[in-house]
Amino acid sequence: MADPALHPETLKHQEIQPLKEIAIDYTPEACTHCPVSNSISVTYDHRGGARWRSTTPFLFGTFGSLIQCPKGNTSGLNFNLYLSSLEGDKSQDEIDFEFLGKDKTIVQTNYYTTGTGNREQLHDLGFDCSDGFHEYTIKWRPNWIEWLIDGNVVRREERREGEAFPEKPMFLYASVWDASYIDEGRWTGPYIGCDAPYVCLYKDIHVPAATSMGCSIDS
């Protein structure tokens, strides 16, 4: 029997490449992209934050980045790396890594299908996410999703018969924003802001090499 790991479709989903181009959805002056070093910085200060994304969507594949989260008292902020079929679309598919500024030793994972989420899980990192770079990876396949931190699987979800599963082409996104208004501050904490500006660093960002849908949305 042939090794399923060698199946052409499986190999296609495993191939990755550096993220070469991004679009910035808001506050472009707060986001810096260096394609040569494959690095991005996002700053949150009096201007608010910023959000960047890949210029094309992808249908399945492996996505990831080394991330060093902002230092200082980040209560109230959300910093993240996630996939979404289209930010702002209430029927979106989405797969998330979200850091909650009130506690930098945890990360939240979640996924949405046609706008429905409520699948949150919290994971103890075992480190402070602002102390250095760590690798966060999303492996999205037709029948399963894995979230990995430094190469270790922290969560796996499999498609279940009769249940919706993310299957819309998705962009890679990241942002830093003030989420302190959500759930009266219980989610990310109240915004303090005493250590602004807050800078989230991304490097060695990678996206699938063979599953780009080849279309884009306006910057």
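Note that the structure is predicted; figures quoted are calculated from it, not measured.

Asker: Looking at this structure, how should I read the overall build of the protein chain?
Answerer: Counting its regular elements, the protein chain contains 1 helix and 15 strands. Relative to the 2.2 N^0.38 estimate, which gives 17 Å for 219 residues, the radius of gyration of the protein chain is 17 Å and therefore close to what a compact globule would have. Looking at the 219 residues of the protein chain, the share that counts as buried comes to 49%. The long-range fraction of contacts in the protein chain, counting pairs at least 24 apart against all pairs at least 6 apart in sequence, stands at 66%. When the accessible surface of the protein chain is totalled, it reaches about 10200 Å², and 50% of it is carbon and sulfur. Side-chain charges in the protein chain split into 19 positive and 32 negative, and the spacing between the mean points of these groups amounts to 1 Å.

Asker: Explanation requested: the pairing of strand S5 (residues 50–54) in the structure shown.
Answerer: Successive residues of a regular strand alternate their side chains across the two faces of the sheet. Taken across its 5 residues, S5 has 5 buried, putting it largely inside the fold. Side chains of S5 alternate between two faces, with Ala50, Trp52 and Ser54 and Arg51 and Arg53 buried alike. Where strand S2 (residues 22–26) lies against S5, 4 bridges are found, and the strand directions are antiparallel. Residue pairing for S5: Ile22 is matched across the bridge by Ser54. Here S5 runs beside strand S14 (residues 171–178); their pairing, made up of 4 bridges, is antiparallel. Bridge pairing links Arg53 to Tyr173 in S14.

Asker: Would you mind going over the packing of aromatic side chains with me for this structure?
Answerer: What describes a pair of aromatic rings is the distance from one ring centre to the other and the angle between the planes of the rings. Enumeration over the complete set of coordinates arrives at 13 aromatic pairs. Relative to Tyr191, the ring of Tyr44 has its centre 5.7 Å away and its plane inclined at 70°; by these criteria the two rings are edge-to-face. In this pair, Tyr44 sits in strand S4 (residues 39–44) while Tyr191 sits in the loop between S14 and strand S15 (198–208), placing the two residues 147 residues apart along the sequence. Taking 5.7 Å as the distance between ring centres and 80° as the angle between the ring planes, the aromatic pair formed by Phe58 and Phe63 counts as edge-to-face. You'll find Phe58 and Phe63 in the same group, each marked buried.

Asker: How should the side chain of Ser84 be read in this particular structure?
Answerer: As for its position among the elements, Ser84 is in strand S7 (residues 77–84). The class for Ser84 is buried, based on a relative accessible area of 0%. Leaving out residues up to four positions away in the same chain, Ser84 has contacts with Gln92, Asp93, Glu94, Met170, Phe171 and Tyr173.

Asker: Help me out: how do you make sense of the sheet that holds S14 in this one?
Answerer: Pairing between the strands of a sheet is mediated by backbone hydrogen bonds and can be parallel or antiparallel. The antiparallel open sheet is built from 7 strands, whose spatial order is S2-S5-S14-S7-S8-S9-S10. Across the chains shown, the open sheet's two edge strands, defined by having one partner strand only, are S2 and strand S10 (121–124). Taking the axes of each pair of neighbouring strands and ignoring which way they run, one obtains an average angle of 20° across the sheet. For S7 and strand S8 (residues 94–100), the ladder comprises 7 bridges, and the chain directions are antiparallel. By the bridge assignment for S8, Asn80 is matched with Glu98.

What counts, and where the lines are drawn
- Residues numbered from 1 in each chain as written.
- Predicted model: local features only at pLDDT ≥ 70, side-chain atom pairs only at ≥ 80, totals over all residues.
- Heavy atoms only, no water.
- Helix = DSSP H or I, 4+ residues; strand = E, 2+ residues; numbered from the N terminus.
- Rg over C-alpha atoms; globule rule 2.2 N^0.38 Å.
- Buried < 20%, exposed > 50% of the residue type's maximum accessible area, 1.4 Å probe, protein only.
- Contact = heavy atoms within 4.5 Å.
- Areas by Shrake-Rupley, 256 points an atom, 1.4 Å probe, with all protein chains shown as cover.
- Lys, Arg positive; Asp, Glu negative; His and termini not counted.
- Charge placed at Lys NZ, Arg CZ, Asp CG, Glu CD.
- Pairing = 2+ DSSP bridges.
- Phe/Tyr/Trp six-rings, centres within 6.5 Å; stacked < 30°, edge-to-face > 60°.
- Axes fitted to C-alpha atoms, helices over the stretch in contact; angles between N-to-C directions.

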